[in-house]
Amino acid sequence: QVGNPTEIHRQYAHELVRTLPANIIEAVHDPYGARAVIFALLLDENDAVRETQMQALRTTTTPDIVTLTEAIAPTVRQLDTRVRLPLIDMSLAALRAMAKSQYLEFSQAFQKLVAADQRLGLFEWTLHRILLRHLQPQFEPAAAPRIAYYGLQRLARPCSVLLSTLAYAGSELDEARTAFAEAARHLPKVKLELLPTGECGLEQLDQALQELAKVAAKHRERLIDACAAAICADEEVKVREAELLRGISDMLNCPMPPLLPGQQVTTATR
């Protein structure tokens, strides 16, 4: 089903969006409100860290956005984590309507919010990748990565980093082995290895994806198929798995498979 959303997926997303408060839906359709929603999504649950983040925001963006972020932050904290991806997607059109100066200010504030807690979380990484993919080409045009590989055989290491990271994302060790094996079935000619967790951090994943982005499109699509197989191995799409896959899909410039956070899947999906 990769790349072919069915009515059940559309209905699932529709039901999630229906749970959003009216003020949040209104905000994501406005360039100012959309920025505030993104900033609110980044705010930490820890009071001290959150105050550090708000101080950083006050030094990098306008008072009206700071005030709006503070106003909607309590509501955003109460949202079901499954709505985060649909909410981000809903905000993209409004964010693309920013002026260049607003985009630069937004980018600086985003980076300061992420840096304020001195650690890069999985959701922060995913959100950054989504925003880079969908906003950067409009405001900071750059040449697309040149195709350097027409197969995956020479890329066993980055492939292993990618699939190992995804296998560990929502699983215990035994489940991770099963998820990795399911993924590996889609790449039978690549010498894959389930790597230790210490070799599968976000920095290593970033480096692997930068290399894999240079592969011809049909092979990048095969990688996404393998990633989807890993997620579906336990017949449940966990929130962190779906968010991670979205970041991966955007870095590889491939459509996100219709796998939604919290969705139950059957073996037929694999």
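Just so it is clear, the model here is predicted, and its values are computed rather than measured. Sequence order sets the numbering: in each chain, residues are counted from 1 along the sequence as written. Given that the model is predicted, a residue must reach a pLDDT of at least 70 before its local features are reported, and side-chain atom pairs must reach 80 or more before they are shown or counted; all residues, however, enter totals for whole chains, interfaces and linings. Excluding hydrogens and water, the side-chain values take into account all heavy atoms of the structure.

## Quick word on the pattern of salt bridges
The working definition used for a salt bridge is a side-chain nitrogen of Lys or Arg within 4 Å of a carboxyl oxygen of Asp or Glu. Applying the stated criterion across every chain, the model contains 15 salt bridges. Notably, a salt bridge pairs Asp 47 with Arg 50, separated by 2.5 Å at the nearest N-O pair. Placement of the pair is Asp 47 and Arg 50 together in helix H4 (residues 47-58), with a separation of 3 residues, close to one helical turn. Using a 1.4 Å probe on the protein chains alone, a residue whose accessible area is under 20% of its type maximum counts as buried, one over 50% counts as exposed, and one in between counts as partly exposed. The exposure class of Arg 50 is buried, given its relative accessible area of 16%. A salt bridge links Arg 177 to Asp 174; the nearest nitrogen and oxygen atoms lie 2.9 Å apart. One end of the pair is Arg 177 and the other is Asp 174, both in helix H10 (residues 173-184) and 3 residues apart, which spans about a single turn. Where helices and strands are cited, they refer to DSSP runs of H or I of at least four residues and of E of at least two residues respectively, numbered from the N terminus.

## Concerning the layout of surface pockets
Grid points spaced at 1 Å and placed over the protein atoms alone form the basis of the search, with a cavity being a set where a 1.4 Å probe fits but cannot get out and a pocket an open set showing protein on both sides within 12 Å along at least five of seven lines. Lining residues have an atom within 4 Å of a point. Grid points are joined across faces, edges and corners, and a volume is the space filled by probe spheres set on the points. Estimates place the volume of the largest pocket at around 640 Å³. Looking at the largest pocket, it is lined by 19 residues, and the ones nearest its centre are Arg 133, Gln 136, Pro 145, Asp 250 and Met 251. The set of elements that each furnish at least two residues to the lining of the largest pocket consists of helix H8 (122-139) and helix H13 (239-251). For the lining of the largest pocket, the element with the highest residue contribution is H8, accounting for 5 residues. Grouping the constituent residues of the lining of the largest pocket by class yields 11 nonpolar, 3 polar and 5 charged. Roughly 480 Å³ of internal volume is contained in the second largest pocket. If you trace the second largest pocket, you find 19 residues lining it, with Leu 41, Leu 43, Glu 45, Arg 84 and Phe 123 closest to the centre. When contributions to the lining of the second largest pocket are tallied by element, the ones reaching two or more residues are helix H3 (31-42), helix H5 (63-77) and H8. Gly is placed with the polar residues, together with every amino acid not listed as nonpolar (Ala, Val, Leu, Ile, Met, Phe, Trp, Tyr, Cys and Pro) or charged (Asp, Glu, Lys and Arg).

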